[in-house]
Amino acid sequence: YAYRSQRGYNPDDPLKPNQDKYGITLNLAGEEGDAIFAAYDGHGEEGHLCATFVKKTLPQQIAKFVRQKRVQNYSTLVGTKKLWNPKMWPLLGKEDFEQCCKRAFLETNKMLHDEKAINDKLSGTTAATVCFHGGRVTVCNVGDSRVIVGHRFPENDGCTSIQEEKEEEKYEEEGDCERNEAFAGQVIAIPLTKDQTPFRQDERERIRKAGGEIKSTSQMEGSSPMHDNWGDVVMGEELDIEGDPPRVWVPGKSYPGCAFTRSFGDSAAESIGIHSEPEVITCDLTMNDEYLVIATDGVFELLTNQEVINICSASLDPFEACEMITKSAYDNWIKHDNRSDDITVIVCFLSSTYTPSPDERHNTSESLLADNNKTNVSDPSPSPAAQRKSYVRQETEVYARTLSSVSA
């Protein structure tokens, strides 16, 4: 894996600090091979302080709750609390680990509110985390940072045998096979998170139920008519180039104006539904999952998911992928806006020997694609960003390490 974080360019505030942070925690909770990879995007006057606090605190809280639950399960299993050998503690199942993550997110947010050195009234941070535990990957997301995986669809993935074994699901399987044949041999971007923004109807409804208002800045200023038709924007495939998205407001007030619906901090907006409860999914990585990317919206505002995965496919190693993604995102920012957001990205090149059986496919990243009502995947053809040959490769140290335990 490799990582890169670059301060944004703002001509009106050239000394503005980089409010993005990244965090990598190995041997989570003392378990060799467990890990957390995370990206944080701070916002507001003290956003960089919020991001730094959450970067430090969240992994500690996840580790604490994981240890507590493993000890509890062990005590229940052996009927005694005298055998305190961490190597004997059972690994957590999917539900237990997800619950530990959710508790950690909520506890970290409470601790941030209580931190006297940070004013988080109108400041906060997003968080997109990837946790490795027990051979599974658990992804937690608060805000609009994002996690995607690059999944290679093989030339022949056994669709025929699946249809023979599951004749009663013939039509559904045939649809899956048609999709797989269309992508055969290509690496397709599959999102493991869904941006929590007012573009999502379910999030708009949740915010309004809590008492918040949804308007764009121009609607707030009265220069655009009021409406709630924000289109069916598929974040990750389509780009909001116009830059006047729907935002969250306290009724009758000109704050907070969040373009996201969940975050750490932002205590002034907690009463209208801005909170830190994450959306969580758990899946197994397979031999067809080749790339994992965790990044802030400085990357994804002007690069689609597929463009990012195309860049990874064109790179020799994770370090080069980080460099190319950062450069491409920055170039697009300058081209469209003459400024740049902070840009942070973590890239993992994956290696797994796990090949799921037909009955196990529902636990994989590929199932996330199949579960969509429509196939929300961008054109898999190489993007201009990935085709560029102008990148200058310099002799430099490659900040890359292998997480050897990511296997079945």
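A brief structural summary. (Residues numbered from 1 in each chain as written. Predicted model: local features only at pLDDT ≥ 70, side-chain atom pairs only at ≥ 80, totals over all residues. Heavy atoms only, no water.)

Describing the overall build of the protein chain
Item 1. Secondary structure summary: the protein chain contains 11 helices and 15 strands in total.
Item 2. The buried share of the protein chain, reckoned over its 408 residues, is 49%.
Item 3. Counting contacts in the protein chain only where the partners sit at least 6 residues apart, residues at least 24 apart contribute 75% of the total.
Item 4. When the accessible area of the protein chain is evaluated, it comes to approximately 19,600 Å², of which 47% is carbon and sulfur surface. (Helix = DSSP H or I, 4+ residues; strand = E, 2+ residues; numbered from the N terminus. Buried < 20%, exposed > 50% of the residue type's maximum accessible area, 1.4 Å probe, protein only. Contact = heavy atoms within 4.5 Å. Areas by Shrake-Rupley, 256 points an atom, 1.4 Å probe, with all protein chains shown as cover.)

Overview of the pairing of strand β5 (residues 127–133)
Item 1. Among the seven residues in β5, seven count as buried, and that is most of the element.
Item 2. The two faces of β5 match: A127, T129, C131 and H133 on one face and A128, V130 and F132 on the other face are all buried.
Item 3. Where strand β3 (residues 35–43) meets β5, five bridges bridge the pair, whose relative direction is antiparallel. If you follow A35 over to β5, its bridge partner there is F132.
Item 4. Alignment of β5 against strand β6 (residues 136–142), held across seven bridges, turns out to be antiparallel. (Pairing = 2+ DSSP bridges.)

Digging into the packing of helix α8 (residues 305–313) against helix α9 (residues 318–337)
Item 1. Look at α8 against α9: their axes get within 9 Å of each other, and the N-to-C directions meet at 140°. In terms of axis orientation, α8 runs oblique to α9. Classified by chirality, the crossing of α9 by α8 is right-handed. Packed against α8, whose contacting residues are V308, I311 and C312, the element α9 presents A321, M324, I325 and S328 at the interface. (Axes fitted to C-alpha atoms, helices over the stretch in contact; angles between N-to-C directions. Parallel < 35°, antiparallel > 145°, perpendicular 65-115°, else oblique. Left-handed = near helix turned anticlockwise from the far one by under 90°.)

Regarding the nonpolar core
Item 1. L58 and I62 are the most contacted members of the largest nonpolar core, which totals 28 residues.
Item 2. The dominant element in this core, judged by the number of residues it contributes, is helix α1 (residues 47–78), at nine residues.
Item 3. In this structure I62 touches L28, I36, C101, A104 and C131, once residues within four positions along its chain are discounted.
Item 4. Core analysis: the next-biggest nonpolar cluster, separate from the first, contains 25 residues, L303, F319, M324 and I343 among them. (Core = buried A, V, L, I, M, F, W, Y, C linked by side-chain atoms within 4.5 Å.)

Topic: the sheet that holds strand β7 (residues 146–152)
Item 1. The five strands lie next to each other as β1-β15-β14-β7-β8, forming an open sheet whose pairing is antiparallel. If you trace the sheet from one side to the other, it starts and ends with β1 (2–6) and β8 (187–191), each paired once. Across the sheet, the axes of successive neighbouring strands diverge by a mean angle of 20°, strand direction being ignored.
Item 2. As paired elements, β7 and β8 share five bridges and run antiparallel to each other. Bridge assignment links H151 to a residue of β8, and that residue is I188.
Item 3. Here α8 sits on the sheet in contact with β7, β8, β14 (289–295) and β15 (343–349), set at roughly 135° to β8.

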